[in-house]
Amino acid sequence: LNRNIINTFFLYPLYQLGNPQLRIFRPSWFLTLVRPGKEQPQDTVQFRIPMEMTKYDIKNYLEKIYNVPVGVVRTRIQFGSNKKRNHLNQKVKQPDYKVAYVQLALGQTFTFPDIFPEKERAPAEGSMEEMQEKFMEDEKQRQKLDPRRGGVTEWFGL
Amino acid sequence: MAARTRLPLLFPRNLFPFRSQKLVHTDVSVKEPAYPPIVPSLTAKSKSARRRQIEERVKKICTSSVEDKLSLITRIQREKFVVYPQTFARNADRWYQHFTKTAYIPGLPEKFTPGLEKTTAAVPGIDDDAFADIRSLVTRVILQEHWQFRKRKPFMYRHQEQVVGPFLRSLVSGLTYSLAKYNPLLQLSSLDLSPQVNFYWRRGQRIIPKGHRKRHLEPTRFQIDDRPHSQIRVTQQLPQFMPLEASHAAEVPEITLRPNVMPLFRRQYDNNIFTGAKLPDPACYGHTQFHLVPDRYHRDRMIRQQQADQVEVFLRANALASLFAWTGAQAMYQGFWNYEDVTRPFVSQAVITDGHFFSFFCYQLNTVALSVETDANNPRKNLLWGTESLRLYESVQDGEVVGLNDGVVKLLVQFFMNQP
């Protein structure tokens, strides 16, 4: 029982003629923007969404809350594997999740940013790290064999 | 006195070794040893053997008749992308341009004068009286469908099929028959209602990621199965709009992503190549196609939902795919295929309508060699000309058609009058 869910419905909100338009204010659904595994076109953004959301829910969510012009949304459910077994030989299930591919309207594009860029680790001058780096490099250089031997080990020879 | 030598009873062949003619010193012509050509094997499990197999197959197809060519090319069934001409995918026209190597040129070729002038300037071959006749025919057809027939309200999402379909059919047949006296090509033409047009081709390749054929190169195959509302097939080919060499400069969008991202789906079934009639039919060249827009295409709804650009994209993608399939099938019927490229351009026209808005498109097929091997040095590109949607009439009120656009009628007439 997940007590954090706020917009749970007892039964799904069954519509009957005359009912007011169903509106959800402050939904307890959260989208996760993910980097696409396979190459996607420039205007496609990939989200992981809760299972209960539909294409229309995502369209309205992004348009009303975040003012993002949405063209078309396609969803699919990714099956989480049930194959792995733990130390007691019981099957361990990875959770299923829903993925949405949102294509933006009005010619907008989006590329997933590089969150973990490569840092140039140049150690500061005169510090311990620099001396250690230099020492390690010298050691490695000493361990290497004579390059004129062409990779042949020391054991062959006189 | 003869010397009596002791000759043997039986003469061996070599008895007088120096007496034969063969040892006389003459300039004997030296025969060069003739070896058979050294070619790679046909049945070995090697890359050169595979290449030779493909070459043999290509030679076999080149030397066979047209029916055999078609059946050999479409014999093997494998998974292919099914391209639907009427698709709601976003930016479908860019994708289809990439699949068919087509460049889009906005506007129509110079042959068709801009059709938005209000004056009834003379269409070549038609004088003003005839044009007035055509105009009255068009108004009659519009009134018949929308005013005179007591139709019940069409079913949900069946408006195009039940109202616009019959209107377009009567319009097209009326125009064909009345313009046949000015255009001799139409007298020998065939007007098909709801024909099938199919085309199968290969373009691009991918590396198979998984399975027993992993790391092999596989060509991407495409198939179009189209059902235009109606089409006119003629016995002679229409003249080209632009010379072949002029298409080298055109730009075709390059897309490096796989087609299934578009989204486009793969299936395996019969590979068909069909223009609308079987091979021995004399009317094997195409003239004009007419397409109806599907019922789920709501122009106003798309504009409201900030997808105004997709309105034209849909029509362009439809025209592109349908006309490419038709012209490609026409070229195949003449024996041109992937390894034997077309020697003359194949030209067809299309009109896409939803009853009120008409869009006109012209297509010129300059190359059918789209697969990886033949496309490497192929500078030719196919060309598509197209207009934006033009309104034919504003509305029908009190038995009168209000705001009939003469420019659109003129363009329609020009399309019908196109002849070599």
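- In the nomenclature of an unreviewed UniProt entry, chain B is known as Mitochondrial ribosomal protein S30 of Astatotilapia calliptera.
- Quoted verbatim from the Subcellular location (unreviewed entry) field of the UniProt record, the comment on chain B reads "Mitochondrion".

- Naming follows an unreviewed UniProt entry, where chain A appears as Large ribosomal subunit protein uL23m of Maylandia zebra.
- Word for word, the UniProt comment on chain A under Sequence similarities (unreviewed entry) is "Belongs to the universal ribosomal protein uL23 family."

## A word on the pattern of salt bridges
All names here are of chain B.
1) Next: Applying the stated rule across the entire model yields 18 salt bridges over all chains.
2) Next: The partner of Arg-52 in a salt bridge is Glu-56, with the nearest N and O atoms 3.6 Å apart. Placement of the pair is Arg-52 and Glu-56 together in helix α1 (residues 47-62), with a separation of 4 residues, close to one helical turn.
3) Next: Measuring nitrogen to oxygen at the nearest pair gives 3.9 Å for the salt bridge that ties Glu-56 to Lys-59. One end of the pair is Glu-56 and the other is Lys-59, both in helix α1 and 3 residues apart, which spans about a single turn.
4) Next: Salt bridges linked by common partners bring Arg-52, Glu-56 and Lys-59 together as one network.

## With respect to the sheet that holds strand β1 (residues 32-34) of chain A
Residue and element names in this part refer to chain A.
1) Next: Ordered by their spatial adjacency, 4 strands build an open sheet running β1-β2-β4-β3, and the pairing between neighbours is antiparallel. The strands lining the two open edges of the sheet, one partner per strand, are β1 and β3 (70-78). Across the sheet, the axes of successive neighbouring strands diverge by a mean angle of 30 degrees, strand direction being ignored.
2) Next: As paired elements, β3 and strand β4 (residues 97-104) share 8 bridges and run antiparallel to each other. What sits directly across from Val-72, in β4, is Gln-103.

The rules behind each value
- Residues numbered from 1 in each chain as written.
- Chains lettered and ligands numbered in written order.
- Predicted model: local features only at pLDDT ≥ 70, side-chain atom pairs only at ≥ 80, totals over all residues.
- Heavy atoms only, no water.
- UniProt positions renumbered as here; feature names shortened; annotations may be inferred.
- Salt bridge = Lys/Arg side-chain N within 4 Å of Asp/Glu carboxyl O.
- Helix = DSSP H or I, 4+ residues; strand = E, 2+ residues; numbered from the N terminus.
- Pairing = 2+ DSSP bridges.
- Axes fitted to C-alpha atoms, helices over the stretch in contact; angles between N-to-C directions.

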